[in-house]
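Structural description and commentary
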Amino acid sequence: MRILITGFDPFGGEEINPALEAVKLLPDNIEGHTIDKLEIPTVFHKSKHVIEARMKQYDYDIVLAIGQAGGRFELTPERVGINIDDARIADNEGQQPIDESIHPDGAQAYFSNLPVKRMTEAIKASGVPARLSNTAGTFVCNHILYQLGYLHATQFPNIKFGFIHVPFIPEQVVDKPEKPSMSVETIRKGLNAALEAIIESDEDIKVALGETH
């Protein structure tokens, strides 16, 4: 298989994005499968165009995007991307869409077709905190998960796609005493475990990982 894994550039006044830094540390090959890495801009729609161009260049089996979720304690595979941009802050080109559909002709939501529960359990089994998430927010992370679903529905029917959020790294919380963090090496370890789970099987497991609120 050939797998594309992407990481966003820094945004929101941060000088580093742990998603991108952890992606850079991933190996180029896992169990004989090629791992390609791509930096994408934290910009509505442009992020999709960058990924789409790479997807047209190579025949990928899996596209997995990684993004920062400052304030979360764990790695969180995302279950679903919704058809809305509602930006609390501006993206890296000053765009701040509010209550705008990503694609008026698209579905209301696209669910990741990766084995998200298998991934979550594999991350935990590697010794890294993980939780299945049912909301990717309404900023560029949700935007790109939804865009991957849209690309799957309209152009690339054979790809598997998904998204994982990761916490801040320690350097980012020096002046944020209430925020959790995780080392970039631990994040890399968790991402590696998720990739191994995807490679092992695309069938998900039936285990209770839902939330009550």
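Anyway, here's the lowdown on the structure attached to this text. (Residues numbered from 1 in each chain as written. Predicted model: local features only at pLDDT ≥ 70, side-chain atom pairs only at ≥ 80, totals over all residues. Heavy atoms only, no water.)

To continue, consider the overall build of the protein. Each helix and strand counted, the protein has 5 helices and 8 strands in total. The order of helices and strands in the protein, counted from the N terminus, is β-α-β-β-α-β-β-β-β-α-α-β-α. For a compact globule of 213 residues, the expected C-alpha radius of gyration is about 17 Å, and the protein comes in at 16 Å, within 12% of that figure. Counting only C-alpha atoms, the protein reaches 45 × 40 × 35 Å along its principal axes. Scored against the burial criterion, the 213 residues of the protein give a buried share of 53%. (Helix = DSSP H or I, 4+ residues; strand = E, 2+ residues; numbered from the N terminus. Rg over C-alpha atoms; globule rule 2.2 N^0.38 Å. Buried < 20%, exposed > 50% of the residue type's maximum accessible area, 1.4 Å probe, protein only.)

What follows is about the layout of surface pockets. Counted as a void, the largest pocket has a volume near 430 Å³. Considering the residues around the largest pocket, the lining is formed by 20 residues, among which F11, Q68, R88, I89 and F139 are closest to the centre. Grouping the amino acids of the lining of the largest pocket by side-chain chemistry returns 9 nonpolar, 6 polar and 5 charged. (1 Å grid on protein atoms, 1.4 Å probe; cavity = no way out; pocket = protein on both sides within 12 Å on 5 of 7 lines; lining within 4 Å. Points joined across faces, edges and corners; volume = space filled by probe spheres on them. Nonpolar A, V, L, I, M, F, W, Y, C, P; charged D, E, K, R; others polar.)

Where helix α2 (residues 46-57) meets helix α4 (residues 140-154), the closest approach of the two axes is 10 Å, and the angle between their N-to-C directions is 40 degrees. Considering only the axes of α2 and α4, their crossing is right-handed. Here α2 contributes S47, K48, I51, E52 and M55 to the contact with α4, which in turn contributes V140, H143, I144, Q147, L148 and L151. The class makeup of the residues in the contact of α2 with α4 is 6 nonpolar, 3 polar and 2 charged. (Axes fitted to C-alpha atoms, helices over the stretch in contact; angles between N-to-C directions. Left-handed = near helix turned anticlockwise from the far one by under 90°. Contact = heavy atoms within 4.5 Å.)

Let us look at the nonpolar core. In summary, soluble globular proteins display a tendency toward joint burial of nonpolar side chains. Grouped together as the largest cluster of nonpolar side chains are 28 residues, with contacts concentrated most on I51 and M55. Broken down by secondary-structure element, the contributors of at least two residues to this core are β1 (2-8), β3 (33-40), α2, β4 (62-68), α4 and β8 (160-166). Of all the elements, α4 adds the most residues to this core, at 8 residues. Counting 27 residues, the second largest nonpolar core, distinct from the first, contains I62, L64, I66 and I164. (Core = buried A, V, L, I, M, F, W, Y, C linked by side-chain atoms within 4.5 Å.)

A separate point is unusual backbone geometry. Non-glycine residue E31 carries a positive phi angle of around 55 degrees. Considering the arrangement of structural elements, one finds E31 in the loop between β2 (29-30) and β3. Taking relative accessible area as the criterion, E31 reaches 57% and is therefore assigned exposed.

Per the counting criterion, the structure on display carries 13 salt bridges. Where salt bridges share partners, they join E14, D175 and K176 into one cluster. (Salt bridge = Lys/Arg side-chain N within 4 Å of Asp/Glu carboxyl O.)

With that out of the way, let us pick up the packing of aromatic side chains. Tallied over the full model, the rule gives 5 aromatic pairs. Measuring from centroid to centroid gives 5.6 Å for F44 and F139, while their planes differ by 90 degrees, and the two rings are edge-to-face. With F44 in the loop between β3 and α2 and F139 in the loop between α3 (116-125) and α4, this pair connects stretches of sequence that are 95 residues apart. Geometrically, the ring pair formed by Y110 and Y146 is tilted, given 4.8 Å between the ring centres and 45 degrees between the ring planes. Residue Y110 is located in strand β7 (residues 109-111), and its partner Y146 is located in helix α4; the two are separated by 36 residues in the primary sequence. A relative accessible area of 14% means that Y110 is categorised as buried. On the accessibility criterion, Y146 (0% relative accessible area) is buried. Here a set of aromatic residues connected by ring pairs shows up, and it is made of F11, F44 and F139. Cation over ring: K176 sits above F168, and NZ or CZ is 5.2 Å from the ring centre. (Phe/Tyr/Trp six-rings, centres within 6.5 Å; stacked < 30°, edge-to-face > 60°. Lys NZ or Arg CZ within 6 Å of the ring centre and 35° of its normal.)

Next up on the list: the sheet that holds β1. The strands making up a sheet associate through hydrogen bonds between their backbones, and the pairing can be parallel or antiparallel. One open sheet holds the 6 strands; their spatial order is β2-β3-β1-β4-β8-β5, and the pairing between them is mixed. Either end of the sheet is taken by a strand with one partner, and the two such strands are β2 and β5 (76-77). The pairing of β5 with β8 spans 2 bridges and is antiparallel. The residue bridging P77 from the neighbouring strand is I164, located in β8. The strands that helix α1 (residues 18-25) touches are β1, β3, β4 and β8; relative to β1, the one it contacts most, it runs at about 145 degrees. (Pairing = 2+ DSSP bridges.)

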